Amino acid sequence: MGEKYTFGVNEKITGNYDSSLAVKCSSGTYVGSLDDGVLSFKGVRYALPPVGNLRWHAPVPVPDSDDVYEAKS
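These lines cover the structure that appears in this document, whether it is placed above or below. Please read these numbers as outputs of a predicted model, since none were measured by experiment.

Cut-offs and rules
Residue indices follow the written sequence of each chain, beginning from 1 at its first position. Reporting of local features is limited, given that this is a predicted model, to residues whose pLDDT is at least 70; pairs of side-chain atoms are given and counted only at 80 or more, and all residues count toward the totals for whole chains, interfaces and linings. Water and hydrogen atoms were dropped before computing side-chain values, which therefore reflect all heavy atoms in the structure. Secondary structure elements are taken from DSSP: a helix is a run of H or I of four residues or more, a strand is a run of E of two residues or more, and numbering for both begins at the N terminus. As used in this structure description, the phrase polar contact means that two N or O atoms lie within 3.5 Å; if the pair is within protein, one of them must be able to donate a hydrogen and the other to accept it, and residues adjacent in sequence are counted only when both atoms belong to side chains. Note on contacts: a residue pair qualifies if any of its non-hydrogen atoms lie within 4.5 Å across the two residues. Ring geometry is summarised as follows: Phe, Tyr and Trp rings, the Trp one being its six-membered ring, pair when their centres sit within 6.5 Å, and such pairs are stacked at plane angles under 30 degrees, edge-to-face over 60 and tilted between the two. Think of it as a cone above the ring: NZ of Lys or CZ of Arg counts as a charge over the ring if it is within 6 Å of the ring centre and within 35 degrees of the ring normal.

What follows deals with the side chain of Asn10. With respect to the element layout, Asn10 can be found in the segment before strand 1 (12-13). Side-chain polar atoms of Asn10 contact the backbone oxygen of Lys42, separated by 2.9 Å. Here Lys72 takes part through its backbone nitrogen, which lies 3.0 Å from a polar atom of the side chain of Asn10. Sequence-distant contacts of Asn10, defined by excluding residues within four places in its chain, comprise Lys42, Gly43, Glu70, Ala71, Lys72 and Ser73.

Here's what the structure looks like:
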């Protein structure tokens, strides 16, 4: 059978974080990762998940937030 792919989940950060790896956006602060001199931000949300009433409709922007999230997966 085909391979099963698993993807990481970016969690909300409630404690301290490395602010040198962070970027502030209207939808929150995202903390990326530094690998071989390259700073990357993965899995940054740009829209609400297309489930329920949002299925088959145009993307709905993520609401403004002051929360801090990982951006590593």
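Scanning the entire structure with this criterion turns up one aromatic pair. Over the face of the ring belonging to Tyr69 we find Arg45, whose NZ or CZ atom lies 4.9 Å from the ring centre. We note Arg55 situated over the ring of Trp56; from NZ or CZ to the ring centre the distance is 4.7 Å.

When you line up the elements, Leu21 lands in the loop between strand 1 and strand 2 (22-25). Taking the C-alpha atoms as reference points, Leu21 and Pro49, 28 residues apart in sequence, are found 26 Å from one another.

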